[in-house]
Amino acid sequence: KGWNLLTGFSYIHSLDWLEDSELFQDDVLAVYYYFNKEKQYKLFYTTKNGEEDVYYIKRAYPNMDPNFGWQMNSHSYWVYFDKPGKLRYITQDQLSLTKRVLFKGWNFMGITSEMIDKQNKEFMGDCEVDKLFFWEAESQSWTRIGLSEHPDSSSLGKGLLIKVNDDCTLGFKGNTQQ
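Quick look at the structure, then. (Residues numbered from 1 in each chain as written. Predicted model: local features only at pLDDT ≥ 70, side-chain atom pairs only at ≥ 80, totals over all residues. Heavy atoms only, no water.)

### Considerations on the pattern of salt bridges
Using the criterion set out here, one finds 3 salt bridges in the structure. One salt bridge connects Lys-83 with Asp-27, and the closest N-O pair in it is separated by 3.7 Å. Of the two residues, Lys-83 is situated in the loop between strand 6 (76-81) and strand 7 (89-90) and Asp-27 in the loop between strand 2 (16-17) and strand 3 (28-35); the sequence distance between them amounts to 56 residues. Overall, the relative accessible area of 33% leaves Lys-83 in the partly exposed class. A salt bridge links Asp-130 to Lys-163, with the nearest nitrogen and oxygen atoms 3.9 Å apart. Of this pair, Asp-130 sits in strand 10 (residues 129-136) while Lys-163 sits in strand 12 (residues 159-164), placing them 33 residues apart in sequence. On the accessibility criterion, Lys-163 (24% relative accessible area) is partly exposed. (Salt bridge = Lys/Arg side-chain N within 4 Å of Asp/Glu carboxyl O. Helix = DSSP H or I, 4+ residues; strand = E, 2+ residues; numbered from the N terminus. Buried < 20%, exposed > 50% of the residue type's maximum accessible area, 1.4 Å probe, protein only.)

### Some thoughts on the state of the cysteines
As enumerated under the stated definition, the model contains 1 disulfide in all. The disulfide partner of Cys-127 is Cys-168, and the S-S distance across this bridge is 2.1 Å. Residues Cys-127 and Cys-168 share a disulfide whose torsion about the S-S bond is about 100°; that sign makes it right-handed. In this pair, Cys-127 sits in the loop between strand 9 (105-110) and strand 10 while Cys-168 sits in strand 13 (residues 168-169), placing the two residues 41 residues apart along the sequence. Owing to a relative accessible area of 5%, Cys-168 belongs among the buried residues under this scheme. (Disulfide = S-S within 2.5 Å.)

Right under this line is the structure:
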């Protein structure tokens, strides 16, 4: 119950919820997305008076880049559930790390399969990381993590918060993986 930092989808209504999940779209009260360039959160989904507002972003930003959905799949979203439970869903295809741009300041992104069992510093590309945090949904708190730590398979789909000093692109050191 509470805030969860999730990734792997463009729109909450497009999630492919698995049958053994204990949480579903009906349990979501709100979804927020952080727009780095504007340095503010935007309401992305809500239930108001029992009605879904799933196209808030499209209405609020009618001139949005059509490729923005690919970037959104790779970002993390704040998702508020009104009850506790196990969440299971299939993630959508995500933008490769080698194409993932971070902007100066705070960036929310999800842990992808490309990151598993690699040290965080291995996939930072040309980014100069100032701070790196992992969201602990159970305790509703942040944990600061180091560049030498590495996400394991239990971290897949969870959110990271990365503060970088300048605009940069993630990637693998030595281009060992494309």
